[in-house]
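Remarks on the overall topology
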Amino acid sequence: MRAQVSEPPPAATARTSGSPIAFANRLSDLRWRPAELAFWAAAAAVFFVLPGQLVLASQIAITGLFALSLDLILGYAGVVSLGHAAMFGGGAYTAGLLANHGWDEPISGLIAAAAAGALIAFGTSFLALRGGDLTRLMVTLGLGLMMYELANQAAPVTGGVDGLSDMTVGKLFGVFTFDLGGRTAYAYSLVVTFGVFCLCRRVVRSPFGLSLRGIRDQPVRMSAIGTPVRRRLTAVYTLAGAIAGMAGALLAQTTQFVGLEVLGFSRSADLLIMLVLGGTGFLYGGLAGAAVFMVAQHLLSGMNPVYWQFWLGLLLVLAVFFAPGGITGAIAARWQKGGRR
Amino acid sequence: MPGSLPGVLFDGVAYGSLLFLMSVGLSVTMGMMNFINLAHGAFAMAGGYVCALGMERLGIPFLATLPLSFLCGAALGAVLERTLYRPLYRRGPLDQVLFSLGLTLMAVAATTWFFGPGQRPVRLPSFLLGQLHLPGLDLGVYRLFLIAVVAAITVALVALLRGTRFGARIRASVDDARTSAGLGIDVHRVFALTFILGSGLAALGGALSIDVLGLDPTFPLKYLVYFLLVVVVGGAGTIAGPLAASMVLGVFDVAGKYYVPEAGAFVIYGLMVALLLLFPGGLRRLAR
Amino acid sequence: MTAVLRTDRVSRRFGALQAVREVSFALEAGARHALIGPNGAGKTTLVNLITGVLTPSGGDVFLEGERVTSLSSHLRARRGMARTFQITTLFPNLTVLEAVLVALCERNGLGASFWIPVARRIREIEEAHRILSDLHLAGDAGTLVRVLPYGKQRVLEIAVALATRPRVLLLDEPAAGIPGSQSAEIFSVLAGLPREVTILFIEHDMNLVFRFAERITVLASGSILAEGTAKEIAGDARVREVYLGEGGDA
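About the thresholds
Residues numbered from 1 in each chain as written. Chains lettered and ligands numbered in written order. Predicted model: local features only at pLDDT ≥ 70, side-chain atom pairs only at ≥ 80, totals over all residues. Heavy atoms only, no water. Helix = DSSP H or I, 4+ residues; strand = E, 2+ residues; numbered from the N terminus. Rg over C-alpha atoms; globule rule 2.2 N^0.38 Å. Contact = heavy atoms within 4.5 Å. Buried < 20%, exposed > 50% of the residue type's maximum accessible area, 1.4 Å probe, protein only. Areas by Shrake-Rupley, 256 points an atom, 1.4 Å probe, with all protein chains shown as cover. Pairing = 2+ DSSP bridges. Axes fitted to C-alpha atoms, helices over the stretch in contact; angles between N-to-C directions. Core = buried A, V, L, I, M, F, W, Y, C linked by side-chain atoms within 4.5 Å. Phe/Tyr/Trp six-rings, centres within 6.5 Å; stacked < 30°, edge-to-face > 60°. Lys NZ or Arg CZ within 6 Å of the ring centre and 35° of its normal.

With that settled, consider the overall build of chain C. Of the regular secondary structure elements, chain C holds nine helices and 10 strands. Since a compact globule built from 250 residues should have a radius of gyration of about 18 Å, the 18 Å found for chain C is in line with a globular shape. Taking the principal axes of the C-alpha coordinates as reference, chain C spans close to 55 × 40 × 35 Å. The contacts in chain C between residues at least 6 apart in sequence include a share of 66% that link residues at least 24 apart.

Set out below in structure tokens:
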């Protein structure tokens, strides 16, 4: 029998790995780091400090939630998807149709949308998760387009190109109305996003999360140690679908409108861009990327869209060449090189 | 206008030929380097614009713009491969997707900026217009022309692959890049040349397709799904696979639009799902 | 004389190429068995067939008497079959400790547990540190796998396989690419394993083979050429001709 192993506490083994991105995943338990607390405090403070920007702020929170769901499958499980909007749009239309048909309680609409997103994800997982990267890309792209077509064709139900607008969204908890200033919208979106974030945080630090990262890195090896790879991927894909559905519902409920573009390729592509620019694989990348992207888009909204498209494309190309870890990855690398460990 | 099943088939084959011409380069380069190139449609678009603008602004006759489009596509492919694509071969699929997506966005934006967002019509020479009247069947002359051109190119490609040393090197590199490198084949050079050839063919396809598919700056994004579909369903790395896939997709798309127009693009996507379920390895397994 | 692992006329073809032809092979419990043969003989293919990475074109594979031929590789791993790969297939973005932990968690049935963080799984963490210490990797516990030197990666491959507490351990060239001094160390670790673990290893270094293998099977062109103790194989003229006779020293 071995002599007593002097086992270093888990946090200490984390130290040798360096960058803050690595930090977030290294055997950390659930303690909240100061930077994280600052982040969420700042997000909450926006409610009081920027009362005129709450509509934009709730859009950012919603998109951040959507990005979180993509990070789960992309950053943690390694599934590259160009059709994630399918689940988002599915949730949006579910919540929208419920409101449209008189069911105006928002929370139950949110839950229904989560179920819809999960169902779509689960149903498509049999196609989307098989094969190599190109097949997956192709299938997710194709399925996303199919959903778009479906919604388009079902115009009597979905409103088609004109969108679904006759929605009555009731009071939140029977007390808070969704005002035009966006106060309720922002509080609602932020709280939901934070809650889901906490759940995701637990999931990625669990053995399940660790096995996902293993699958992302080397699926053959994971099979060789006994992991049912397909089953794990299906599970996380379904979870991500549920979360995307919730984000869609939030959008529908806070704007009281659902347009076809919630299922469009643009939405999936923009999301992918946001996430990668922010940095995949540590949860905050999606949130940061969404914030930066949407603020930039808002500030530059007067610009000719052709410019936006061109510079975005250029940014992507440059990012791939010079900043492979996303913006946060580049910052982290600098931080490391600066000698601070 | 197809009036009957043979008519639909004919149109479908013509459409499929175009798809094949534009996608074959993507299939072979993907099979060789496993590089996911979403910007492939941009080369086709470039060829289309060379043809349209060449005719419009420089008065070049249609048939003469075709080799010109090919050369421009090939040249563009040569420059981009050397400067941008080559450093990214070793990168993962996500990087490749983002890069090629970014490139596509830049191409679409630049084209809109320089040439405007509208459709570019093309005026075909009169001897390519009209119909050939056969007993019980009217065949569009232009579509016949398309099929003939693509058939000739396909024959040439097969001859290249099976009959020349270069073709043998391509086949070896597709089969196993590492072993081929070990055997002294300069896989990078083979890939570069194949990429150039594929881009040229895509550009030619783009020029030929203006009359059938239309041409505007969103072309690469609009038809991206189709190119990828052909490659995935047909199986990357062969000629026979994409050929079969293009034909099947072309015929079903035309048939779908004719017989069930309410279903829209559904037929194609449903077909994709069915084919992927039945043939996970791609149609090329049948071609063996 | 129970064979813990057995193949019965297992074959595999790739198009026109017959990589493995009707190989009937038995691995005795507690064996230290080497699988040797020239390049292209089909050794890795055979291991892939045994572990389920490839499906055989014919024949069967039996693990402890149970027919596992149609069982997927992760289910075979769950039944106690572990392997290492010829080309290092580790997890580049995980740390050394995490690499071992992921195998341990899987073995203990925690793979689907999503609520309690890994950091609180003290038992698994302690065991992971133990395994790393045994293989002299304890100091690298926090290092990312992709920055680990090659030699240590090969050792980590074995650590990950051992973490699953296998009954049968299949090693594909465990010492490939490692200088002689270090490779002997790897093998002495393997030699120190209890007899409950049956070991089959593919190896090209004849010194290591003759030092550690109790039985040797020689594979050539997809079939078994010879089988026996180290002495018998060393003395077999056919083996010499096809393998050792390439100017190499036994």
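Per the secondary structure count, chain B includes 13 helices and two strands. For 288 residues, the compact-globule estimate of 2.2 N^0.38 gives 19 Å, and the C-alpha radius of gyration of chain B, at 19 Å, lies within 12% of that figure. When the backbone C-alpha atoms are referred to their principal axes, chain B occupies close to 55 × 45 × 35 Å. Counting every position in chain B, which comprises 288 residues, the buried fraction comes to 55%. Summarising the internal contacts of chain B: among those between residues at least 6 apart in sequence, 76% fall at separations of at least 24. Accessible surface computed for chain B: about 11900 Å², of which carbon and sulfur atoms make up 67%.

Turning our eyes to something else, we now look at the environment of Ala-45 of chain A. Among the secondary structure elements, Ala-45 of chain A is positioned in helix H3 (residues 34-49). In this structure the C-alpha to C-alpha distance between Ala-45 of chain A and Ser-301 of chain A, which are 256 residues apart in sequence, comes to 25 Å.

Another point: the sheet that holds strand E3 (residues 32-36) of chain C. All names here are of chain C. Taken in spatial order, the six strands of this open sheet run E6-E7-E8-E3-E9-E10, and their pairing is mixed. Of all strands in the sheet, those with a lone pairing partner are strand E6 (81-84) and strand E10 (223-228), marking the two edges. Averaged over all pairs of adjacent strands, the angle between their axes in this sheet comes to 15°, without regard to strand direction. In terms of strand pairing, E6 meets strand E7 (residues 168-172) through four bridges, oriented parallel. Following the sheet pairing, Ala-82 is matched in E7 by Leu-169.

Another point: the nonpolar core. One finds Phe-62, Tyr-85 and Leu-208 of chain B together with Leu-156 and Leu-169 of chain C to be the most contacted residues of the largest nonpolar core, which totals 247 residues. Leave out the neighbours within four places in its chain, and Tyr-85 of chain B touches Phe-35, Asn-37, Ala-39, Phe-43, Leu-80, Phe-99, Leu-103 and Phe-195 of chain B. Leu-27, Leu-35, Val-68 and Leu-219 of chain C belong to the second-largest nonpolar core, a separate cluster that totals 25 residues.

For the structure shown, the criterion picks out 32 aromatic pairs over all chains. Centre to centre, the rings of Phe-293 of chain A and Trp-308 of chain A are 5.4 Å apart; their planes meet at 75°, and the pair counts as edge-to-face. Residue Phe-293 of chain A is found in helix H14 (residues 284-299), and its partner Trp-308 of chain A is found in helix H15 (residues 305-322); the two are separated by 15 residues along the sequence. Judged by centre distance (4.8 Å) and plane angle (55°), the ring pair of Tyr-85 of chain B and Phe-195 of chain B falls under tilted. With a gap of 110 residues between them, Tyr-85 of chain B in helix H3 (residues 62-85) and Phe-195 of chain B in helix H8 (residues 187-213) connect regions that are remote in the sequence. By relative accessible area, Tyr-85 of chain B is classed as buried at 1%. We classify Phe-195 of chain B as buried; its relative accessible area is 5%. Pairwise contacts between aromatic rings join Phe-321 and Phe-322 of chain A together with Phe-35, Phe-43, Tyr-85, Tyr-89, Phe-99, Phe-191 and Phe-195 of chain B into one cluster. Over the face of the ring belonging to Trp-32 of chain A we find Arg-201 of chain A, whose NZ or CZ atom lies 3.9 Å from the ring centre.

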